[in-house]
Amino acid sequence: MSLDTISDVEVRPAGQKGLGVFATRNFRPGETVVVGRRVCVLPHRTIYSIQVDWNVHVEIDEPAVRINHAYEPNTGVRDNQWGAYDFIALREIEAGEEITFDYETTESEFTEDFQRCCPPRLERNADTHRGFQSIPPEVRAKYGEFIANYLKAPSDAR
């Protein structure tokens, strides 16, 4: 895949969410939509960080840092060689559509701030909406391989 994929998306206003990433062409399932690259390792979680290992949060470059959360996302994540994630189309994505991913596929835990700003949908209980471990098995199955590698390891491997 070429580093030119950045031209296949654009960052623009996304309503209440602030900025978002939008497709400028159609994407097929399995196609790389955005390549995220680590900018730096952070000493702690921030509202813009992404988790790449059990206690490691990183800042990623734009446009990846602008991809918003959705409970019915159109991309999933795959670890990449740049210390971050590639965002892979889970289904057909049309030009003009906002690119989204489910933050629970990279975060082992959610902060209370996130839980307040993005309350869970009906199939995800508010009491257990805490990160990857709270994703129902049928939803995990839908994401298949497209979750952070560190979350695929058994919890006793930490």
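Worth saying up front: this structure is predicted, and the values here are computed from it rather than measured.

K.L.:
Residues and numbers for unusual backbone geometry, please.
P.N.:
Along the chain, E62 connects to P63 via a cis peptide bond; the corresponding omega equals 15°. Structurally, the position occupied by P63 is in the loop between β6 (56-60) and β7 (68-69).

K.L.:
Can you break down the nonpolar core residue by residue, with the values?
P.N.:
Core analysis: the largest hydrophobic core is formed by 29 residues, its most contacted members being V33, V34, Y85, F87 and I99. Secondary structure elements with two or more residues in this core: β2 (19-23), β3 (32-35), β5 (50-53), β6, β9 (85-89), β10 (98-101), α2 (137-143) and α3 (149-152). When residues of this core are assigned to their parent elements, the largest contribution, three residues, is made by β9. Those residues in contact with I99 that sit more than four places away from it in its chain are V9, V21, F22, A23, V33, I67, N68, N74, T75 and I93.

K.L.:
Quick one: what's the story with the environment of F22, residue by residue and with numbers?
P.N.:
With respect to the secondary-structure elements, F22 resides in strand β2. You can call F22 buried: its relative accessible area is 8%. F22 sits 71 residues away from I93 along the chain, and the two C-alpha atoms are 9.8 Å apart. If sequence neighbours within four positions are ignored, F22 has contacts with D8, V9, E10, R12, P13, A14, G96, E97, E98 and I99.

K.L.:
Tell me about the pattern of salt bridges, and name the residues and values.
P.N.:
Using the criterion set out here, one finds 10 salt bridges in the structure. Residue E62 is joined to R66 by a salt bridge in which the shortest nitrogen-to-oxygen separation is 3.0 Å. Since its relative accessible area comes to 23%, R66 is described here as partly exposed. Taken together, the shared-partner salt bridges in this structure form one network comprising D8, R25, R28 and E31.

K.L.:
Describe in detail the sheet that holds β3, supporting the description with residues and values.
P.N.:
Judged by pairing direction, the sheet is antiparallel, and its three strands sit side by side in the order β3-β9-β8 without closing on themselves. Every other strand in the sheet has two partners, leaving β3 and β8 (75-79) as the edge strands with one partner each. Recorded for the sheet is a direction-independent mean angle of 30° between the axes of neighbouring strands. Direction of pairing for β8 relative to β9: antiparallel, over a ladder of five bridges. From the neighbouring strand, R78 faces β9, where its bridge partner is D86.

Calculation rules
Residues numbered from 1 in each chain as written. Predicted model: local features only at pLDDT ≥ 70, side-chain atom pairs only at ≥ 80, totals over all residues. Heavy atoms only, no water. Helix = DSSP H or I, 4+ residues; strand = E, 2+ residues; numbered from the N terminus. Core = buried A, V, L, I, M, F, W, Y, C linked by side-chain atoms within 4.5 Å. Buried < 20%, exposed > 50% of the residue type's maximum accessible area, 1.4 Å probe, protein only. Contact = heavy atoms within 4.5 Å. Salt bridge = Lys/Arg side-chain N within 4 Å of Asp/Glu carboxyl O. Pairing = 2+ DSSP bridges. Axes fitted to C-alpha atoms, helices over the stretch in contact; angles between N-to-C directions.

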